[in-house]
Amino acid sequence: DRRHEGRAQAFLGVNFSGFSPQSLLRRIDEIGSAKRPFVYLCTPNVDHMVRLDKEPVLCDFYENAWANVNDSRILETLADLSGLSLPACPGSDLTQALFETSIDPAEPVVVIGGIEEVIETVRARYGLTDLRWHAPPFGLRTNPEAMAEAAAFVAANPARFTFLCVGSPQQEMLARVIQQQGQAVGIGLCVGASIDFLSGNRKRAPQWMQQARLEWLFRLLDEPQKLWRRYLVEGPKIFRIWLAWRKRR
């Protein structure tokens, strides 16, 4: 029933939209094609929720998003145990679906973030003739000049879809700056490492591991030095956050 698609549900302090992956793809295609003033989509996962618990000031970026969709099968399970339906809509799956089914190779596509090798691989793989790429420096969160430059790039390069791939919370902060400036069009997609996955630079977990809610384990084993703290130290805090939330309900 399309009347109920995307209905917001509050979970752990964030209003999540309950889109299925198929209905989300359709709505994003509609919004991008409308060429209206810029809006943005956030894709919170466990990492985001743990950070929000420590830094509630970041909630503003999610509150002003067009929608927040669940990027985590762990969150999907915790929501299910709480009597809520929050289907997992992984940002990497969404990005792949957009490139494979929605994006015309000749239309402008904007990507903020990533490295040249990855961008060129994606450009070649999908035959893109108008991919517009901007690579902000590291430390974007504390660099207002670089943030303004990235926002200006998006405004100067109108496109249906702008992929914001500079990591969280930088990408959500940037999306909000672009929205507040009011000069851009289309939809911004805060989708982290999805361009890396699209290019094959990073590997996705096999489907069975995704379905078994073990994608985090695959990524940990793939990049242990980079991700051990996220998955073994920070990530488990989600259970304490969830139990505290359940108690307050």
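The structure this text deals with has already been given above.
Residues numbered from 1 in each chain as written. Predicted model: local features only at pLDDT ≥ 70, side-chain atom pairs only at ≥ 80, totals over all residues. Heavy atoms only, no water.

Chemist: How should the overall build of the chain be read in this particular structure?
Modeler: Helix and strand counts for the chain stand at 13 helices and eight strands. The C-alpha radius of gyration of the chain comes to 17 Å, within 12% of the 18 Å expected for a compact globule of 249 residues. A buried classification covers 50% of the 249 residues belonging to the chain. On the chain, roughly 12,000 Å² of surface is accessible, and the fraction owed to carbon and sulfur atoms is 53%. (Helix = DSSP H or I, 4+ residues; strand = E, 2+ residues; numbered from the N terminus. Rg over C-alpha atoms; globule rule 2.2 N^0.38 Å. Buried < 20%, exposed > 50% of the residue type's maximum accessible area, 1.4 Å probe, protein only. Areas by Shrake-Rupley, 256 points an atom, 1.4 Å probe, with all protein chains shown as cover.)

Chemist: Is there a simple way to explain the nonpolar core in this structure?
Modeler: For soluble globular proteins, the rule of thumb is that nonpolar side chains tend to be buried together. Phe11 and Leu12 are the most contacted members of the largest nonpolar core, which has 41 residues in total. Ranked by the residues each element gives to this core, the list is headed by helix H7 (residues 144-156), at five residues. Other than its neighbours up to four places away in sequence, Phe11 contacts Phe16, Met49, Leu75, Leu78, Ala79, Ser82, Leu84, Leu86, Trp242 and Trp245. With 29 residues, the next largest nonpolar core counts Ile28, Val111, Val118 and Tyr126 among its residues. (Core = buried A, V, L, I, M, F, W, Y, C linked by side-chain atoms within 4.5 Å. Contact = heavy atoms within 4.5 Å.)

Chemist: When you look at helix H2 (residues 46-54) in this model, what are you seeing that I'm missing?
Modeler: Because the α-helix completes a turn every 3.6 residues, residues three or four places apart line up on one side. Buried within H2 we find Val46, His48, Met49, Val50, Arg51 and Leu52. Its side-chain oxygen at 3.0 Å from the backbone nitrogen of Asp47, Asn45 defines the N-terminal cap of H2. (Polar contact = N/O pair within 3.5 Å; in protein donor to acceptor, adjacent residues only side chain to side chain.)

Chemist: Where do I start with the state of the cysteines in this structure?
Modeler: A covalent bond between the sulfur atoms of two cysteines is referred to as a disulfide. As enumerated under the stated definition, the model contains zero disulfides in all. We note that Cys42 lacks a disulfide partner, and the nearest cysteine sulfur, in Cys190, lies 4.5 Å from it. A relative accessible area of 0% places Cys42 in the buried class. Left unpaired, Cys59 is separated from the closest cysteine sulfur, that of Cys42, by 11 Å. (Disulfide = S-S within 2.5 Å.)

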